[in-house]
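# Structure at a glance
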Amino acid sequence: MAALKIPHLAAIAFLAAGAGASADELSAGVSRIKITPPMPFQLSGYASRTNLATDVRTDLWAKAVALRDPDGARAVIVTTDLIGLPKEISEDVAARAIAKHGLSRSQVIFNSSHTHSGPMVRPNLPNLLQFTDGQATRLDQYARELAGRLASVIDGALADITPARVAIAHDTADFAANRREPTPNGFKLGVNPSGPVDHDVPVLTIRAPDGRLRAVLFAYACHNTTLTGTWNMIDGDYAGAAQRQIESAHPGCTALFMMLCGGDQNPNPRNTIELAEQHGLTLAASVERGLAGPSRPVRAPIRSGHRLIRLEFAPHTREQFVKELEDKIVSRQRRARLMLAAYDRGQPVRDVPYPVQAIRFAGDLCLLGLGGEVVVDYALRSKREFPAENLIVAGYCNDVMCYIPTVRILREGGYEPCDSMVYYGQPGPFAESVEEMIFDTIHQVMREVGAAAAK
Ligand SMILES: [Zn+2]
């Protein structure tokens, strides 16, 4: 009988090798689920758009990629065609994944494409529009169903894990323009050709051992605002168009879009559905070049870290909001009432929770995920401070509580650091500590995952 054992063990070893189980190879799973809201529905993103949308031009999706290393460490990346997932939803879904699958919080990350032609996702942008009780109930019902679908898409990706070949490439696309235009009266939303941009297009590919393309996760730092406030149909904007183009060119492949630090970046030109499609094709062409060109294997081990800090707002007083009650802009009156109610409870809003996350794959790739509408300077500075890391720096991760400016942008003023805070129901601009607090935390989380900072 002993003679039979040798070929048997050899067969197992052979199968294990054939299954891609060598020490540094990853396994991967992919999943997708439709998250289009029921019509008619209130879209988010523009305060001027108060009529419900009645039509779906293209469906919206939540998609997930799950990665696992030979030691069992996992990472699940969830992407959504949504304006911004609030922490109330992403933390609920993360808690379910932790309880059901034994993941740690740092092993699951949520990103929002920031399409402005998607549904209101309560309680994101709580002061953008006002709703009757009946409307709010319907919006909250969608938010609850959305949480269930996001939990399902994570289940699906984990259940789909099989041996894989994972690789990363980079290309570029140049339709993102810095939108902070300087004028004699301060910065306005426009086009600033000399402002900072980041045109990097990371392309993460997941193939079966036979080379078949199972998924491609690509990313870009630019608002999904080709479609403006005059548009009122469900659509994924340029990111939706790019995902559809890639999926139709590669049947059976799931294309996932991740929004990077595009807080101060708009597509240029913009304003029509034709331009949304055109930018989508431009981005899809960048992804195709990434697929065809040289790539770098992404290997085990997977290490992940997650921290929650509190970012301080600039000092404010009760009197300031008493005065704001008289403002002619209705959303400012509403913000004043919110803030006065907080003062009356004895809990004026002084700070906001802020998540920083990193997922690192050996020295091959590191995904740094920041909450909020992060301006592009954070990506550029992170790349300078971690020059040896192959970095993807994503904003709009885990929570979208407001814009995240740098000190420079805080001092310049304008929409992102100041005016937008009204729609987010925040008291006002951040204190100037915001940038260093975030970078201190980035360095802590990057150290935890083994990333090397510049000497
Ligand atoms: Zn935005």
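Residue indices begin from 1 for each chain and proceed along its sequence in written order. The predicted origin of the model limits local features to residues at a pLDDT of at least 70 and limits the giving and counting of side-chain atom pairs to 80 or more, whereas totals for whole chains, interfaces and linings rest on all residues.

## So, the pairing of strand S11 (residues 200-207)
To be explicit about the condition: Put simply, a residue is buried when 20 or more other C-beta atoms lie within 10 Å of its own C-beta and exposed when 12 or fewer do; between those, it is partly exposed, and each C-beta is set from the backbone. Labels follow the DSSP assignment, with helices taken as runs of H or I lasting at least four residues and strands as runs of E lasting at least two, numbered in each case from the N terminus. Two strands form a pair only when DSSP identifies at least two bridges running between them.
Of all eight residues making up S11, six are buried, and the element is well covered by its neighbours. Relative to S11, strand S7 (residues 165-172) is paired through eight bridges, and the arrangement is antiparallel. Across the sheet, residue Val-166 finds its bridge partner in S11, namely Ile-206. Judged from the five bridges that link them, S11 and strand S12 (residues 213-220) form a sheet pairing that is antiparallel. Note that in S12 the partner of Leu-204 across the bridge is Leu-217.

## Focus on the domain arrangement of the chain
Stated formally: By convention here, the domain bounds are inherited from an automatic or database domain assignment.
Along its sequence, the chain is organised into domain 1 (22-302) and domain 2 (314-344). Taking the mean C-alpha position of each, domain 1 and domain 2 sit 34 Å from one another.

## Regarding helix H4 (residues 237-249)
Applicable threshold: To estimate the expected span of a helix, subtract one from its residue number and multiply by 1.5 Å. Each residue gets a C-beta atom placed from its backbone, and two residues are in contact if those atoms lie within 7 Å.
If you check H4, its first and last C-alpha atoms are 19 Å apart, about what 13 residues at 1.5 Å a residue would give, namely 18 Å. Among all positions in H4, only Asp-237, Tyr-238, Ala-239, Gly-240, Ala-241, Ala-242, Gln-243, Gln-245 and Ile-246 are buried. Check the buried side of H4 and you find it contacts S12, strand S14 (254-259), strand S15 (265-267) and helix H5 (273-292).

## Digging into the sheet that holds strand S17 (residues 302-312)
Put simply, the test is: In this analysis an axis means a line fitted to C-alpha atoms, helices contributing only their contacting stretch, and an angle means the value between N-to-C directions, from 0 to 180 degrees.
With respect to topology, four strands assemble into an open sheet ordered S17-S18-S19-S21, the strand pairing being mixed. Only two strands of the sheet have a single partner each, and these edge strands are S17 and strand S21 (391-394). Averaged over all neighbouring strand pairs, the angle between strand axes comes to 15 degrees, with direction disregarded. Sitting on the sheet, helix H11 (residues 434-448) touches S17, strand S18 (351-361) and strand S19 (365-370), and the angle it makes with S17 is about 160 degrees.

## Considering the confidence of the model for the chain
The line we're drawing: Think of pLDDT as the predictor's per-residue confidence, scored from 0 to 100.
Across the chain, the average pLDDT comes to 95, with 95% of residues at 70 or higher. In this model, residues 1-20 is a region of pLDDT below 50 whose contacts with residues beyond four sequence positions or in other chains number eight contacts.

## Brief notes about the environment of Gln-245
Within the element layout of this structure, Gln-245 appears in helix H4. Sequence separation between Gln-245 and Tyr-142 is 103 residues; the distance between their C-alpha atoms is 28 Å. Once you skip the residues sitting within four places of it in the chain, Gln-245 turns out to touch Gly-280, Leu-281 and Ala-284.

## Describing the sheet that holds S7
Read from one edge of the open sheet, five strands run S14-S12-S11-S7-S16, paired in mixed fashion. Bordering the open sheet on either side are S14 and strand S16 (296-297), each of which pairs with just one other strand. H4 contacts S12 and S14 of the sheet and is inclined by roughly 155 degrees relative to S14. Packing of H5 onto the sheet brings it into contact with S7, S11 and S12, and relative to S11 it is tilted by some 55 degrees.

## Overview of the packing of H4 against H5
Between two packed helices, both the angle of their axes relative to each other and the distance between the axes serve to describe the pair. What counts here: Roughly parallel means an angle under 35 degrees; roughly antiparallel means over 145; roughly perpendicular covers 65 to 115; every other angle is labelled oblique. Should the near helix be turned anticlockwise from the far one by less than a right angle, the crossing is left-handed, and should it be turned clockwise, the crossing is right-handed. Only Asp, Glu, Lys and Arg are considered charged, only Ala, Val, Leu, Ile, Met, Phe, Trp, Tyr, Cys and Pro nonpolar, and every remaining residue, Gly among them, polar.
Between H4 and H5, the shortest axis-to-axis distance is 7 Å and the interhelical angle comes to 50 degrees. Here H4 is positioned oblique relative to H5, judged by the angle of their axes. The way H4 lies across H5 gives a crossing that is right-handed. Along the contact surface, H4 presents Asp-237, Tyr-238, Gly-240, Ala-241, Ala-242, Gln-245 and Ile-246, while H5 presents Ala-276, Glu-277, His-279, Gly-280, Leu-281, Leu-283, Ala-284 and Val-287. Of the residues contributing to the contact of H4 with H5, the split by class is nine nonpolar, four polar and two charged.

## Remarks on H11
Convention followed: The arc in question is traced by the directions running from the helix axis to the C-beta atoms.
Taking 1.5 Å per residue, 15 residues should reach 21 Å; H11 reaches 21 Å between its end C-alpha atoms and fits that length. Along H11, the positions that sit buried rather than exposed are Val-434, Glu-435, Ile-438, Ile-442, Val-445 and Met-446. For H11, the angular spread of buried residues about the axis comes to 100 degrees, placing them on one side. Residues of H11 that are buried sit in contact with S17, S18, S19, helix H8 (377-385) and helix H9 (407-412). Taken from the residues just after H11, Gly-450 is the one with a positive phi, measuring 90 degrees.

## A look at the pairing of S19
Of all six residues in S19, six are buried; the element is thus mostly enclosed. The side-chain alternation of S19 yields two buried faces, one formed by Leu-365, Leu-367 and Gly-369 and the other by Cys-366, Leu-368 and Leu-370. Sheet topology places S18 next to S19; six bridges connect them, and they run antiparallel. In the strand pairing of S19, Val-356 is matched with Leu-370. Taking the residues that link successive antiparallel strands as the turn, the S18-S19 hairpin has three residues, and the phi of Ala-362 there is positive, at about 45 degrees. Sheet analysis places S19 next to S21, joined by four bridges and oriented parallel. Across the sheet, the residue bridging to Gly-369 is Ala-394, located in S21.

## Quick word on the packing of helix H2 (residues 87-101) against helix H3 (residues 133-159)
Two elements in contact, H2 and H3, have axes separated by 9 Å at closest approach and are oriented at 40 degrees. Judged by the angle between their axes, H2 and H3 are oblique. You can see that H2 and H3 cross each other, and the crossing is right-handed. Counting all contacts with H2, which are made through Ile-89, Asp-92, Val-93, Arg-96, Ala-97 and His-101, the residues of H3 involved are Ala-143, Leu-146, Ala-147, Leu-150, Ala-151, Ile-154 and Leu-158. Within the contact of H2 with H3, the residues separate by chemical class into 10 nonpolar, one polar and two charged.

## Here's the deal with the environment of Tyr-424
Among the secondary structure elements, Tyr-424 is positioned in the loop between helix H10 (415-423) and H11. A sequence separation of 21 residues divides Tyr-424 from Tyr-403, and the C-alpha atoms of the two residues are 8.8 Å apart. Apart from residues no more than four positions distant in its own chain, Tyr-424 is found in contact with Leu-125, Asn-127, Met-401 and Cys-402.

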